[in-house]
Structure formats: structure tokens, C-alpha cells
Amino acid sequence: MSEAPAVPNRIKRLIVESLHLEGMKPEMIEDEAPLFGEGLGLDSVDALELVVALEKEFGIKIKSQELGREVFSSVSSLSEFIEART
Amino acid sequence: MNHKAVSRRVAVSGVGAVSGLGWGIGPLWEGLRAGRTAIRPFERFDNTAHRTHLAAEAADGDSNGLASDPRWRRLLSLADRFAVFAAAEALAMAGLASLEDSEAGVFFGSSTGGMFESERFFNEFLRGRWRSAKLRDLASQQVNAPGDAVARWFGVSGPVRTISSACSSGALALGAALDAVRSGEVDVAVAGGSDSLCQLTYAGFNALRSVDEGPCRPFRAGREGMSFGEGSAVLVLEPLERVLARGAEPLAEFAGAGSACDAHHMTAPDPSGAGAAAAMEAALLDAGLPAGEVGFVNAHGTGTPLNDAAEWRALQRVFGERAGEIPLTATKALLGHLLGSSGSIEAVATVLCLRHEELHPVPTCSAGAAVDPELPVSLVLDRPLPLPGVKAAVSTSLAFGGSNAALVFSRWKDS
């Protein structure tokens, strides 16, 4: 393992920083908790914001058809998606 | 919708406001009474490159606990927050804890919605600073955003409408709300307007050379233009009988509204004042009040040479020989021009003046203190003018495009 933070932790930090979740710390986000609707309660504007941030952070390209519920359902699923492409 | 096809008398049961004088009706009335202007150097955005450098900025104030809601800063633009705060204050004053079981509607005016946040986005985005360019900043851009935010926050599921007609938006929204309560379309109207300072309007009015380098001087000799302001004002309107039935006291009766267009020019008013007079006459007719019963006028009074001259001609048309005698104030001398929200905050100022039976003054200013001899209005200076027993008042909003609106409020007295 490298010393860089694990992908899930980098995603959590991006979520908190890029979406301005005041009063929220990265470690407060559960790996399996739903990101949208229930759970974190993010919406489609947040999804767009998150796509931009993830693309820059990880140097990947996220196509619109990949924006489905499965990939973006939790930190865990996002992490698997990103690790398969980096 | 449940149209009952009736014409009901309409009461103002609550008011709320955010302005350069502070967050809330308390600081607003205290500042208005004192004739203290909120127009001063401001920090909302870097204005060094602009031609003028003043505005009545609504600096962060006490949000009455609203800021503890995680949606407050994250999901609402500044104009949305002004609106939600003013609506919360107005509903609390009306004693309406929840609107979810009421036939309620929102009627709002705005000129630029979340333009300030959109400008912030593009300022970052166009410089390639993607980390600080937030897409969320674009989400509230539409002019309907403040009214929609109020509807979402308070769970209003009846009609929710925004009117954007430049500087008469707030007054026209109140007129629409009056119709909706009268007709039985709604039992509660949350009505008003909201606008925040932004570079688009700041640069635009400066390019038109309609901004005074000092605080604006409505109706004064040597006046050179308007000053900018920001904020929101909300009036809760209900059928008079409904307010009385629950033992509450109306703040005023909303007696009538009227509008008329100059059909003259994109930005300049018709110098004859015919359109502005037609709006005032329509509002008085709607209220069933002769002009002789109007105790004071809250003028549009932007302080531009053209507006104030045209408004004086309109006052002459409506009030005849009384035009120079009727007590007159211009709230913009204290709050600046709230653009799409000016009609609503001036309506609130008018209601407060009726309620307290005194007319708020404008400050004497070092430059051009004297009233323009060409427009000899009875401008109330420095100290509030007691008006015991005052019956009714007119508030005017005269906008770009020649869109004129007038509102008539009557003092509530238990009789």
C-alpha cells in the first residue's frame, strides 16, 4: 500500500469540501450510506459538482450513462468504480 | 384551487424585512424613524473599478435561528435567505405557525434573483479556478428563486408566482396577492420581493449614469441619481374577517392596487407623469377612496433627475393643488433602491407609518439639501412627522419600461 490516503477517504474529503457540507467531517460519512435522497441528502446539483471534482481529483472521465444510481449510490460503490479506472 | 368568487377585504397581518438598516422590522423602523441612511461604503464585492462606491448593504445579521438549518447557507442564495428570513418574521408576527393546512400562496417580485452567486461562479470559472467555481452557485439564478425558496421552506403548495417587471416587481406582486386573497383563491398570501446587490445591476445603472456618487437625494435640487440597496420585505395578507376571527389585530388594511404603463421609453419615464398618475388613480379607484383622503405619499423617489420630475407631475395630476402640501417621504434615501424588492419594502414602510401614525423622514444632506424649487413637494426631513388619525396612504413604484404601480393602504382602526 502507498502512503496516499485510500480512495474512499479522498472521496469523503471531496464530498465535504466541494459540496460545502458545513458541520460535516469526512470521517462522519459511512462507506455504505446512501449519498442521495436519504442518508447524506445530496441532490442532482451536488451530483454534477461531485462529477467535476472527481474527474479533476482522479484524472478520470465520468460519462453521463455512468451517473446511474449504482455508481453514485455510496462512497463504497464510487470507490470501486474509480479504483477500476486508475 | 377553491375560487369562492367573492370580494373580501384584505388585512396585512404580519410584516418582515431585511435591509441595509438590519435584519428585522425592529432595526428597520428604528432607522426609518431616525431618518438614518444605510447608504455607505460596502464590501459585498470589489467595487473599486465601478464609477460609484456606495450601497445600503444588508450585512450578515441575526438570522433568528434559521442559520442552524443545514439548508440555509448551502442551498439558498443571499436573495433567497433575505426572502426566507422576511417571510419567517412576517408569519411569526401574523401568528401563523404553519401554512401546510392553509390555502396559501406566495407572490413575489425580484429583478435579479441569485445573480450575485452566478457572478461569483463565473468569476472563478472563467479564470480556470474550478475548485472554487461551485455549480451550486448557479442553482438560484432565476428570478423566481426567492419566491420558490419561501414556498419550499414553509410548505406552501398553493399558487406560487413571481413577477419580474424591473423596479415595480415588488409592488405588482403585492397587487397580484391582493387579487388572490380578495377573490378567495387563497386565504393566506405571503407576498413581497427580494433582491441582493450584484455587479450586473451595479454596473448597468452606473453605465446609464443614473447613480449618485453620494447617497441619493430624492426631490432635492442637484440630485444626480439613485443609490443601490438590497434586501427583502414580506407582507402576510389574509381576509380581514379571518384575522379578526382569531382575535388578532390587523397592522393595516390593504385597500387597493393599480398599474399602468407609460408606453414611452425603455428606461426614461414619460415626463408628463401620465402613466404614474393613471396607476395611482387606478389604485385609489380600486380602494374606493377619493384622493382627498390620502394622508401621505411614499414616493418612488429614486433621486434621478428624470424620475422625481415625472413623479411630481403625476402627483399634480392626482392631487391637484394639494400636490405640494401632502406629506411625502422617499424610503430610498435611507435604504437605497432595492430594485425588484423596493415596492415591497416601501409597502412595509407605509404600513409601519400608518400603524404608528407618523411619517418617517429622510435625512438632510450636505449637498443639495433644499427641495428642488421645480418640484415643491412637502418632503419630511430629519424628524418623523406626527399624523394623528391618518386614514390612508399611497406608495408608488415607477419602473423601467414605464411600468408604474401604486398601492393604497388604510390605517386599521377598530370601528
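Reading guide: rules and limits
Residues numbered from 1 in each chain as written. Chains lettered and ligands numbered in written order. Predicted model: local features only at pLDDT ≥ 70, side-chain atom pairs only at ≥ 80, totals over all residues. Helix = DSSP H or I, 4+ residues; strand = E, 2+ residues; numbered from the N terminus. Rg over C-alpha atoms; globule rule 2.2 N^0.38 Å. Buried ≥ 20, exposed ≤ 12 C-beta atoms within 10 Å, placed from the backbone. Contact = placed C-beta atoms within 7 Å. Nonpolar A, V, L, I, M, F, W, Y, C, P; charged D, E, K, R; others polar. Core = buried A, V, L, I, M, F, W, Y, C linked by C-beta atoms within 7 Å. Domains from an automatic or database assignment. Expected span 1.5 Å × (residues − 1). Axes fitted to C-alpha atoms, helices over the stretch in contact; angles between N-to-C directions. Parallel < 35°, antiparallel > 145°, perpendicular 65-115°, else oblique. Left-handed = near helix turned anticlockwise from the far one by under 90°. Pairing = 2+ DSSP bridges.

Engineer: Go over the overall build of chain B, please, and point to the residues and values.
Structural biologist: Along its length, chain B carries 12 helices and 17 strands. Whereas a compact globule of 415 residues would reach a radius of gyration of roughly 22 Å, chain B reaches 20 Å, a difference of no more than 12%. Counting only C-alpha atoms and orienting by the principal axes, one finds that chain B spans roughly 65 × 50 × 40 Å. Across the 415 residues that make up chain B, the buried fraction comes to 58%. By sequence separation, contacts in chain B at least 24 residues apart represent 81% of the contacts at least 6 residues apart.

Engineer: Requested: an account of the interface of chain A and chain B, with residues and values cited.
Structural biologist: Many structure descriptions define interface size as the accessible area lost when the parts assemble. Counting residues at the interface gives 7 residues for chain A, matched by 8 residues for chain B. Of the residues contributing to the side of chain A that touches chain B, the split by class is 3 nonpolar, 1 polar and 3 charged.

Engineer: Can you explain the nonpolar core? Please cite residues and give values.
Structural biologist: One finds B:V150, B:A177, B:V190, B:L235, B:L237 and B:A283 to be the most contacted residues of the largest nonpolar core, which totals 136 residues. Among the elements that take part in this core, helix α3 (residues 78-94) of chain B stands out by supplying 11 residues, more than any other. A domain split of this core shows at least three residues from each of domain 1 (10-245) and domain 2 (256-411) of chain B. Those residues in contact with B:A177 that sit more than four places away from it in its chain are B:F107, B:A189, B:A191 and B:L237. Core analysis: the next-biggest nonpolar cluster, separate from the first, contains 12 residues, A:I15, A:L35, A:F72 and A:L78 among them.

Engineer: So what's going on with the environment of B:V371? Residues and values would help.
Structural biologist: Residue and element names in this part refer to chain B. Relative to the helices and strands, V371 resides in the loop between β13 (358-359) and β14 (378-379). Looking at V371, the number of C-beta atoms within 10 Å reads 19, which means it is partly exposed. For V371 and L352, which are 19 residues apart along the polypeptide, the C-alpha to C-alpha distance reads 25 Å. Look past the residues within four positions of V371 in its chain and what remains in contact with it is F219, R220, P376, V377 and L379.

Engineer: Just give me the short version of the domain arrangement of chain B, but keep the residues and values in it.
Structural biologist: Residues and elements named next belong to chain B. Domain annotation for chain B reports domain 1 (10-245) and domain 2 (256-411). When each unit is reduced to the centre of its C-alpha atoms, the spacing between domain 1 and domain 2 is 21 Å. The interface is formed by 62 residues belonging to domain 1 together with 56 residues belonging to domain 2. Secondary structure elements with two or more residues in the side of domain 1 that touches domain 2: β1 (10-19), α1 (25-34), β4 (54-56), α6 (169-183), β7 (188-195), β8 (228-229) and β9 (231-239). Sorting elements by how many residues they give to the side of domain 1 that touches domain 2 places α6 first, with 8 residues. Split by residue class, the side of domain 1 that touches domain 2 holds 27 nonpolar, 27 polar and 8 charged.

Engineer: Which residues make up α3(B), and what are the values?
Structural biologist: Its 17 residues give α3(B) an end-to-end C-alpha distance of 24 Å, which sits within 8% of 24 Å, the value for a rise of 1.5 Å per residue. Extensive coverage of α3(B) is indicated by the burial of 14 of its 17 residues.

Engineer: Lay out unusual backbone geometry in plain terms, naming residues and giving numbers.
Structural biologist: All names here are of chain B. Of note in this structure, R209 is not a glycine but carries a positive phi near 60 degrees. Mapping R209 onto the fold places it in the loop between α7 (199-207) and β8. On the basis of neighbour counts, which here come to 10 C-beta atoms within 10 Å, the residue R209 falls in the exposed class. Although it is not a glycine, L339 sits at a positive phi angle of roughly 50 degrees. Topologically, L339 is positioned in the loop between α11 (332-335) and α12 (342-356).

Engineer: With reference to specific residues and values, describe the packing of helix α9 (residues 274-287) of chain B against helix α10 (residues 305-319) of chain B.
Structural biologist: Residues and elements named next belong to chain B. Between α9 and α10, the least distance of the axes is 8 Å, while the angle of their chain directions is 45 degrees. Between α9 and α10, the interaxial angle falls into the category oblique. Note on packing geometry: the crossing formed by α9 with α10 is right-handed. Contacts between α9 and α10 involve A276, A277, M280 and E281 from the former and A310, E311, A314, R317 and V318 from the latter. Split by residue class, the contact of α9 with α10 holds 6 nonpolar, no polar and 3 charged.

Engineer: How would you sum up the packing of α6(B) against α12(B)? Please name residues and give values.
Structural biologist: Residues and elements named next belong to chain B. Their axes nearest at 5 Å, the elements α6 and α12 cross at an angle of 70 degrees. Taken as axis vectors, α6 and α12 run roughly perpendicular relative to one another. Taking contact as the criterion, the partners of S169, G170, A171, A173 and L174 in α6 are, on α12, S342, G343, S344 and A347. Within the contact of α6 with α12, the residues separate by chemical class into 4 nonpolar, 5 polar and no charged.

Engineer: Any details on the pairing of β9(B)? Residues and values, ideally.
Structural biologist: Residues and elements named next belong to chain B. The buried fraction of β9 is high, at 9 of 9 residues. One ladder, built from 8 bridges, connects β1 with β9; its direction is antiparallel. Each residue of the ladder has a partner; that of A11, found in β9, is E238. Pairing between β7 and β9: 7 bridges, direction antiparallel. Note that in β9 the partner of G192 across the bridge is V234.

Engineer: Please set out helix α4 (residues 115-125) of chain B residue by residue, giving values where relevant.
Structural biologist: If you check which residues of α4(B) are buried, you get B:M115, B:F116, B:E117, B:S118 and B:R120. The inward-facing, buried residues of α4(B) abut α3 and α7 of chain B.

Engineer: Describe the sheet that holds strand β3 (residues 40-41) of chain B, naming the residues involved and giving the relevant values.
Structural biologist: Residues and elements named next belong to chain B. One open sheet holds the 3 strands; their spatial order is β3-β4-β8, and the pairing between them is mixed. Bordering the open sheet on either side are β3 and β8, each of which pairs with just one other strand. Bridge analysis of β3 against β4 gives 2 bridges, and the strand direction is antiparallel. Each bridged residue has a counterpart across the sheet, and for P41 the counterpart in β4 is L54.

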